[in-house]
Amino acid sequence: MDSLALHKKALVVDLHSDTVLRMKERFDFGRRDTAGSMDIPRLREGGIDLQVFACWIPAKTPRENCRVRADEMIDSLENQVKLHNNDIAVCRSATEAREIISSGRIAAFIGIENGVAIAGDLANLDHFYARGVRYMTLIHTSSSEWCISSADTTPKFEGLTDFGLDVVRRMNKLGMIIDVSHASVKVVEEVLKITTSPIIASHSCVYALCAHDRNLTDEQIKAIAKNGGVIGINFFGGYLSERWAAVVDPITDANRARIDSINAIVKGDFVKEREAFAWLFAEFDKALEKEDINVATVVDHIDYIVKLVGPDYIGLGSDFDGVYSLPNGLKDCSMMPNITKELVKRGYSETDIEQILGGNFMRVFQAVCG
Ligand SMILES: [Zn+2]
């Protein structure tokens, strides 16, 4: 079977996008855009059947605003889904996702990125579950009062607090998937020790191929495989290849003063930041052209995990609309078939390709959420 036919036949899942951040005024998810990496027409072209929409809560959000902010993000996703209900519908279980997909629509899966969303109250987990949220990434790039981030070099405590452990137990009980991307090594260990369900690392790569704190060591990959979980390979250049930082860091250093002055103005506002730094990201892209960080680099990470633990624990976690530097051949979600093409080229069987594209995640989704 040719790779495009195989891609169309397969149930394709993307475990992580930040497109909800773009769903502001005048945004129309049904219109093919040149900005960003995702909209309904491009999801269709990319053959994506199930898309996870992460609702990201920045670490600095005041505690009393966290739940409101997450609710607002879920609202904006729901509004877009409602406007385009012939094309897309929210799924709350694997069974429901399969029904939506077989009706010719895209299944939208709601995720929360950063456990600060629950504002230290387990009742908020129940609230988000009731709203349809089916995974929560425990932490982001700063530690919280109950969970240590992979980026934290001076952690105040180890891994998870007692409350953090309670969060894991409550998620197990509710049937919400635990996502350990962004979590420290110790957190992943502690989660795996007590979880009664398979977990995911929705958007992480292989540390042995790119030594970044966001990536997973061989030990972690083996432990997640033993748990029956899934690792979604992230498409961000900085997690895929050490060549990325070697090119980008000198450009960042050379522009330090200008970057600092912009940061002082945008103050971490994601959308403003993306606009204000467009010139810098364009410079990165230009310098990275000759590096050839591309679809093959992504598939190298897949290969590595397959050799380590087999093909049953891998998925795709693009991080589209969350990262500012994407590999050649994967600049937006319409290019997803390029991954299948590369897998076919490398001699993967049809069954293994179908598992990697979505089957593995569907196994976890079914086990945790029904
Ligand atoms: Zn992330």
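Everything quoted here is computed from the prediction, not taken from an experiment. (Residues numbered from 1 in each chain as written. Predicted model: local features only at pLDDT ≥ 70, side-chain atom pairs only at ≥ 80, totals over all residues. Heavy atoms only, no water.)

## Here we look at the pairing of strand β1 (residues 13–17)
When you tally the buried positions in β1, you get five out of five residues, the bulk of the element. Here three bridges tie β1 to strand β2 (residues 50–56), and the two strands are oriented parallel to one another. Paired with Val 13 across the bridge in β2 is Leu 50. Read as a crossover between parallel neighbours, the route from β1 over helix α2 (residues 40–45) to β2 is right-handed. (Buried < 20%, exposed > 50% of the residue type's maximum accessible area, 1.4 Å probe, protein only. Helix = DSSP H or I, 4+ residues; strand = E, 2+ residues; numbered from the N terminus. Pairing = 2+ DSSP bridges. Right-handed = clockwise from strand over helix to strand, strands pointing away.)

## What to know about the domain arrangement of the protein
Per the domain assignment, the segments of the protein are domain 1 (3–241 + 293–369) and domain 2 (242–292). Counting residues at the interface gives 20 residues for domain 1 and 14 residues for domain 2. Around 1400 Å² of area is buried between domain 1 and domain 2 when both sides are counted, 53% of it from carbon and sulfur atoms. Considering only the surface of domain 1 that becomes buried against domain 2, Ser 241, Ile 293 and Tyr 324 emerge as the three largest contributors, covering 43% of it. Taken together, the links from domain 1 to domain 2 amount to one salt bridge. Of the charged contacts, one joins Lys 331 and Asp 285 as a salt bridge, the two residues approaching to 3.9 Å between their closest N and O atoms. The tally of links from domain 1 across to domain 2 stands at seven residue pairs in polar contact (both at pLDDT 80 or more). Among the residues forming the side of domain 1 that touches domain 2, the class breakdown is nine nonpolar, eight polar and three charged. (Domains from an automatic or database assignment. Contact = heavy atoms within 4.5 Å. Buried area = accessible area lost by both parts, 1.4 Å probe. Salt bridge = Lys/Arg side-chain N within 4 Å of Asp/Glu carboxyl O. Polar contact = N/O pair within 3.5 Å; in protein donor to acceptor, adjacent residues only side chain to side chain. Nonpolar A, V, L, I, M, F, W, Y, C, P; charged D, E, K, R; others polar.)

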